[in-house]
Amino acid sequence: MELNHSFTVPVPVDDAWRALLDIERVAPCMPGATVEAFDGETITGSVKVKVGPIALTYRGTAVFAEQDEAGHRMVLTAGGKEARGQGTARATVTGTLTAAQDGGGTDVSVRTDLAVTGRPAQFGRGVLADVGDKLVGQFADCLSRKLSAPTPTPTPTPTAEPTAALKPTGAVTGTAGGADGAPSAEQPAREAEPIDLVRTAGLPVAERAAAAALVAGAAMAVAVLLRRRCRRAGN
């Protein structure tokens, strides 16, 4: 299925281009995603999805198939498989950046060719498109906040006291990672909250569940009536 989304960030095109290619910087803004490794070309990580009471984890890789800096166009191909199941997900994501009409920002259009199997596939294109709109909106809001935040001025590191050598090796310092929210070198990567498909989709899923309940109820009623008729015919 093909999904199309767009958003605007409050920085010039060249700045937005560099930011979107800075995986470590934008990773905390990706709903449900955890980046485990990035070697400059291949991203290795996982995406957590929740379908009702069932939590799913897709593990896989994504590769930049195209990076056209002059045209500000990038293509990312990704694929993953359920860690404990047979479900799969494959996507080709094409992002294009253009200067916003107001001249101060950048419009980002995203086209996703998505193929998914397993439990999430039951929602269909309409619901997945609605979920995608909300997730892209969350990503755009987070990215805009990061790009709008002032760059912190580095402060001189004070001379360590002689007793600092007694500090245990590998100790984790700080609680929020780097200034932009990315994990620091001494801090392990954050665990992302799963994408709750039912909660994110909202009303469409609720309506589908209600319709399914009505169908199931009607089927049960028909079965009961047929059973009664068979009993009467037998008597």
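Residues numbered from 1 in each chain as written. Predicted model: local features only at pLDDT ≥ 70, side-chain atom pairs only at ≥ 80, totals over all residues. Heavy atoms only, no water.

**Q** What should I look at first to understand the overall build of the protein chain in this one?
**A** Looking only at helices and strands, one finds 5 helices and 8 strands in the protein chain. Per-residue burial over the protein chain gives 29% buried out of 235 residues. Expressed as a percentage of contacts within the protein chain between residues at least 6 apart in sequence, the contacts between residues at least 24 apart total 55%. Accessible area for the protein chain stands at about 14800 Å²; split by element, carbon and sulfur atoms hold 57% of it. (Helix = DSSP H or I, 4+ residues; strand = E, 2+ residues; numbered from the N terminus. Buried < 20%, exposed > 50% of the residue type's maximum accessible area, 1.4 Å probe, protein only. Contact = heavy atoms within 4.5 Å. Areas by Shrake-Rupley, 256 points an atom, 1.4 Å probe, with all protein chains shown as cover.)

**Q** Would you explain the environment of R18 in this entry?
**A** Residue position: R18 is located in helix α1 (residues 13-21). A sequence separation of 51 residues divides R18 from E69, and the C-alpha atoms of the two residues are 9.4 Å apart. There is a polar contact of 2.4 Å between the side chain of R18 and the side chain of D15. (Polar contact = N/O pair within 3.5 Å; in protein donor to acceptor, adjacent residues only side chain to side chain.)

**Q** Would you mind showing me how to read the side chain of S144 here?
**A** Mapped onto the elements of the fold, S144 is located in helix α3 (residues 124-148). Leave out the neighbours within four places in its chain, and S144 touches T8, V9 and P10.

**Q** I keep staring at the nonpolar core and nothing clicks. Help me out?
**A** Nonpolar side chains in soluble globular proteins generally cluster together in the buried interior. Core analysis: the biggest nonpolar cluster contains 24 residues, and F7, V9, L20, L97, F139 and L143 have the highest contact counts within it. Of the residues forming this core, the biggest block, 6 residues, is contributed by α3. Judged by nonpolar contacts, the second largest core, of 12 residues, contains Y58, V116, L128 and L135. (Core = buried A, V, L, I, M, F, W, Y, C linked by side-chain atoms within 4.5 Å.)

**Q** Sorry if this is basic, but what is going on with empty space enclosed by the protein here?
**A** In this approach, a probe sized like a water molecule rolls over the atoms, and the result shows the empty space that is left. Enumeration according to the criterion identifies 1 cavity of 30 Å³ or more in this entry. Empty space within the largest cavity amounts to approximately 1600 Å³. If you trace the largest cavity, you find 49 residues lining it, with V47, A78, A91, V93 and T112 closest to the centre. Ranked by residue count, the leading element in the lining of the largest cavity is strand β6 (residues 88-99), at 7 residues. Considered class by class, the residues forming the lining of the largest cavity number 34 nonpolar, 13 polar and 2 charged. (1 Å grid on protein atoms, 1.4 Å probe; cavity = no way out; pocket = protein on both sides within 12 Å on 5 of 7 lines; lining within 4 Å. Points joined across faces, edges and corners; volume = space filled by probe spheres on them. Nonpolar A, V, L, I, M, F, W, Y, C, P; charged D, E, K, R; others polar.)

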